[in-house]
Protein chains: 2
Amino acid sequence: MMETPKGLRLHIALFGRRNVGKSSLLNALTGQQVSIVSDTPGTTTDPVEKTLEMAPLGPVVFLDTAGLDDAGELGELRTERSLRVMQRADVALLVTEGESWGEHEARIAALLREREIPFAVVQNKADAYPAAPGRAHGPGVLEASVSVIRASARDGLGLAEVRAALERLAPERALHQPPLLSDLLPDKGVLALVVPIDTGAPKGRLILPQVQAIRDSLDGRKLCMVVTEEELPDALGRLRHAPDLVVCDSQVVHKVDRDTPSDIPMTTFSVLMARFKGDLTALAQGAGALTRLTPGDAVLIQEACSHHPQKDDIARVKLPRLLQKLAGGELRIAWSAGKEFPEYDGAYKAVVHCGGCVITRGQMLARLRAAAASGCPMTNYGMAISLAQGVLRRELSPFPDALRAFEAACAHP
Amino acid sequence: MMETPKGLRLHIALFGRRNVGKSSLLNALTGQQVSIVSDTPGTTTDPVEKTLEMAPLGPVVFLDTAGLDDAGELGELRTERSLRVMQRADVALLVTEGESWGEHEARIAALLREREIPFAVVQNKADAYPAAPGRAHGPGVLEASVSVIRASARDGLGLAEVRAALERLAPERALHQPPLLSDLLPDKGVLALVVPIDTGAPKGRLILPQVQAIRDSLDGRKLCMVVTEEELPDALGRLRHAPDLVVCDSQVVHKVDRDTPSDIPMTTFSVLMARFKGDLTALAQGAGALTRLTPGDAVLIQEACSHHPQKDDIARVKLPRLLQKLAGGELRIAWSAGKEFPEYDGAYKAVVHCGGCVITRGQMLARLRAAAASGCPMTNYGMAISLAQGVLRRELSPFPDALRAFEAACAHP
C-alpha cells in the first residue's frame, strides 16, 4: 500500500532498438522473482516506469525506453529523448539483438560514457544466435571493462549474469544511501523533530521528509520525539537531559531557533535533505551566493515535482519575496518544474532548488553538476529561507565543511 | 504527492441511468473548485473512483457508477452492482434527466433507503426542461424529506445546492471522525509509540496506522516519542515522568507489555483502529467469542485490501495457528479479501477482520452490521493476536465499556 518512494530506488534505464526484446527481457528479469508494483504509463516523451523489488538490488525503477526509437523519428530527437532518460538513470542496460552493433548502439554507448553512467551490453535473443564457445564478443569499439552478456529472455539464459552486472555497476551512492540523520546522534540518542501542522500535509498524513526522518531514527535505534513548534518547549521540559539534536521544518525555524537553547545542535529538514540527496557543501556554497544578489539579477526557482500546489506558495510567493529582500530590489525570476531539467543558463546568478524528495540522489547530483558546469551556484528552498531569517549558520554548524563553504562564498568579492 | 488516505475520505456514490449527465455533473461539481487528484480506472464491476478536495466537505471520493447501467445488462446484475457500490458509500446522489422517474430510479431509491444511505435527487439538464416556478417537484413516491434539486451541469444551475445537500446529508461519523488517540492523553501529554521495523514498512516508509497516530498526536498537541520495541526501556528512562500512554504494534505486544510498568496505560494500534474505524465494544465482544472456539468450527479471516503480501503471513499463517491453539484443534478457516464483502455465513463462529486502514469508518461499520445480522461475532487481527498472548485485557483497560463487553463474551456459556 505504501511503496518505497521513487527517490530512494535505484533507477535502471533500458536502451536498444525496437524489436531487440527490451520488454520481454524486462519481464524475464523481473517476472521470475517479483510482482510488478506499478506502471506509470509513458507519453511519447516519457519512458514507461516500472517500480518493483528486485533481489539483490532491492527497490528499483526500470525506465523502459521502448517506443523512444520509433523508426520515423529524426536522429536528433531520438538522441534528445535518450538524454532525458539518462538524466534520471543510475545505471543502464544497452540491449542488442545478438551481436548486432550499429550507429544507434554506438551513439547510446557514447552518450552513456559521456554522462558517466555505468552500463552493460546485453546481447539478447542468444537462443536464435548461437555463438562460438567462450566469452561473449563485444563490439571492438567498447572498452574491455564493459560487460557484454549473452542472454535470452525466452529461455532464461544470462539473466543471473545481468542481475549480477546491475549489482556490480550500481553506484555506491544509489545502493547505500547515507542515513538522513541517525549518524548525527550518539547511540540511543534523543532527537526532537519539530513538525508544523498548520500548512502542508493533508489530513491523516505527514510529508515524505518527515516520514523518512522518523524511519531513519528508528532504523538507527534512536529515540525520536515528534512535536509541533508550539510544544517544543514542553518536550524539552519533559526530557531528563537535553536532546542530542533538534530538527525542524524551515517554515518554523525562526521560532525553533529562539526556543532551542544555543548549546543544543539544531538543523532543518532542508539541510538534512541537501546532504542526503545531493552535496551539502556545494548547496551551502550556493546559499552564500544569494548574499551577493543585486537588483536585476536572474534567478531560477526549480522544483522536481510538477504538481504540488502546496509548494507553489513557497516557490511563487514566499521565495521571490525573500530573495528580493536579500537582493535589495527586483530580481528577474524564472521557474521550472518536473523530473527533467532544462539546460542551466549561465546568466542565472543562482538556482534555488526544492528539497528533491521525489528524485534520486543521482538525479540531484546530476542537476548540481549541470548547474556547476554552467557556472550557476545552486542552493535549496529551505536553506534560502533560513539564510533570509539569519539562522543558516546555526543550521550548518553540525556540518563544519558546509559551514566553511558557506562562509567563504559569502566573503567572495 | 501524499494524498489523504481513502479511508479518511467521505465516499459519495453517483447513481442514475446512462445519458442523464452523471459525468458532466461530476465535472461541473468539482471542476469549479478543485483539481482532480487521481482516477482509479474502473473495471466492468468496479466504479471509477475520483479522489479530490471539495469545499466544504474536504477530501472526498466520488464513486462514479457510469457504465454500471449498460442497457444490455440484466436487471439483477445491475442491482447487484449498485449494491456493491452502496456498501462503500457514505452518501449518494441519484441523478435523473429533468423530472423523469422510472423503475430504475425507484429501485435505486428503495435500495438506498433500505441501506440507510442518505441521498438527494438531482434533476440534471434543467436547462433543457424549464420547470414551473417554485420548488422542484420530486416524484410522489419519495418522502418529502428527500431533497430534489434542479441542476444543470451545462450552465451551473443548482450546483451550490447539490454541494450544500451533500454537506447536510453526510453522516457525522464521516465528516467528524473521532481522534485516533489524542483524546486518551491529557493536555500536552506524552505518548510513547512503539514501532517495530524488522517487518512491515518498506525502506524509507512507515505504515499508515503509524503515520496516522503520529499525525493525530500532532493535531492534538501531544508529545510523541517514537521508538522500536528495543529502545522502549531507554525512552522510559529518558523521560522525567512516565508517559501517559504506550501504544505498540500487536507484533511486539508481548515484549512491550513486559517492559512497560503496570501502572502505565498501554494499548495497541489494533485496538485504536478498532475504535477509530468501527465499534470497539462490538469487536471486543467478538474477541471474547474466540475463547469459545472448539475444533471443527468455521472461522472467516477477512482483509480489506486485496493486495498486501506482508499481511498474508499474518492472515495465512500466524492467525490460523493462534486461532487453532485457542480452539485446541483444527478449525475450518475461510479467507476473503477486497473492498467489497461477501454475505456473512451464519455458520461462521467468528470473523477476524484486518484493521481496515484502507476502508472508511462507514464501510467498517457496514461490515460489522452485516456480520451481526448473520449472528457472526467479529473481531480484528491485532485483538486476536493479543488475546492469544494473554494481553488483551490490559490493552482494553483504557476503554472500560469494551473491557466489560469482552469479559461478558468470555463468560458466555
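Now for a quick tour of the structure. (Residues numbered from 1 in each chain as written. Chains lettered and ligands numbered in written order. Predicted model: local features only at pLDDT ≥ 70, side-chain atom pairs only at ≥ 80, totals over all residues. Heavy atoms only, no water.)

### Some remarks on the relation of the copies chain A and chain B
Under the fitted operation, chain A is carried onto chain B by 0.0 Å of movement along the axis and a turn of 180°, and the coordinates agree to an RMSD of 0.1 Å. These values place the two chain copies in the arrangement generated by a two-fold rotation axis. Of all interface residues in chain A, 100% are interface residues in chain B too; the two copies therefore contact each other through one and the same surface. (Least-squares fit on C-alpha atoms with pLDDT ≥ 70 in both. Contact = heavy atoms within 4.5 Å.)

### Brief notes about the pairing of strand 10 (residues 245–248) of chain B
All names here are of chain B. Side chains of strand 10 alternate between two faces, with Leu245 and Val247 and Val246 and Cys248 buried alike. Where strand 8 (residues 190–194) lies against strand 10, four bridges are found, and the strand directions are parallel. When the sheet's bridge partners are listed, Leu191 is paired in strand 10 with Leu245. Sheet analysis places strand 10 next to strand 11 (residues 266–268), joined by three bridges and oriented parallel. Following the sheet pairing, Val247 is matched in strand 11 by Thr267. On the question of chirality, the crossover connecting strand 10 to the parallel strand 11 by way of helix 8 (residues 253–259) is right-handed. (Buried < 20%, exposed > 50% of the residue type's maximum accessible area, 1.4 Å probe, protein only. Helix = DSSP H or I, 4+ residues; strand = E, 2+ residues; numbered from the N terminus. Pairing = 2+ DSSP bridges. Right-handed = clockwise from strand over helix to strand, strands pointing away.)

### A look at the packing of aromatic side chains
The geometry of an aromatic ring pair comes down to the distance between the two centres and the angle between the two planes. Per the stated rule, a full pass over the model turns up zero aromatic pairs over all chains. Directly above the aromatic system of Trp335(A) lies the positively charged group of Arg316(A), at a separation of 4.3 Å from the ring centroid. (Phe/Tyr/Trp six-rings, centres within 6.5 Å; stacked < 30°, edge-to-face > 60°. Lys NZ or Arg CZ within 6 Å of the ring centre and 35° of its normal.)

### Considerations on unusual backbone geometry
Positive phi, close to 55°, is recorded for Glu116(A), a residue that is not glycine. Here Glu116(A) is to be found in the loop between helix 3 (103–114) and strand 6 (119–124). Here the phi dihedral of Arg221(B) falls at roughly 60°; this positive angle occurs in a residue that is not glycine. With respect to the helices and strands, the residue Arg221(B) is situated in the loop between helix 6 (208–219) and strand 9 (223–227).

### Details of the packing of helix 9 (residues 269–277) of chain A against helix 12 (residues 361–373) of chain A
Residue and element names in this part refer to chain A. Between helix 9 and helix 12, the shortest axis-to-axis distance is 8 Å and the interhelical angle comes to 90°. Relative to helix 12, the element helix 9 lies roughly perpendicular. Residues Arg275, Phe276 and Lys277 of helix 9 lie in contact with helix 12, whose contacting residues are Arg361, Met364 and Leu365. Split by residue class, the contact of helix 9 with helix 12 holds three nonpolar, no polar and three charged. (Axes fitted to C-alpha atoms, helices over the stretch in contact; angles between N-to-C directions. Parallel < 35°, antiparallel > 145°, perpendicular 65-115°, else oblique. Nonpolar A, V, L, I, M, F, W, Y, C, P; charged D, E, K, R; others polar.)

### Here's the deal with the interface of chain A and chain B
Each side of the interface is counted separately: chain A has 47 residues, and chain B has 47 residues. Linking chain A to chain B there are eight salt bridges. Note that Arg238(B) and Asp244(A) form a salt bridge whose closest N and O atoms lie 4.0 Å from each other. In this structure, the connection of chain A to chain B is made through 14 residue pairs in polar contact (both at pLDDT 80 or more). The dominant element in the side of chain A that touches chain B, judged by the number of residues it contributes, is helix 6 (residues 208–219) of chain A, at seven residues. Its residues placed into classes, the side of chain A that touches chain B shows 26 nonpolar, seven polar and 14 charged. Both strand 9 (residues 223–227) of chain A and strand 9 of chain B contribute to a ladder of three bridges, which runs antiparallel. By the bridge assignment, Met225(A) is partnered in strand 9 of chain B with Met225(B). (Salt bridge = Lys/Arg side-chain N within 4 Å of Asp/Glu carboxyl O. Polar contact = N/O pair within 3.5 Å; in protein donor to acceptor, adjacent residues only side chain to side chain.)

### Things to note about the pairing of strand 5 (residues 91–97) of chain A
Residues and elements named next belong to chain A. Of all seven residues that make up strand 5, six are buried, and the element is covered over most of its length. As paired strands, strand 5 and strand 6 are joined by six bridges and run parallel to one another. By the bridge assignment, Ala92 is partnered in strand 6 with Phe119. Note on the crossover from strand 5 through helix 3 to strand 6: the handedness is right-handed.

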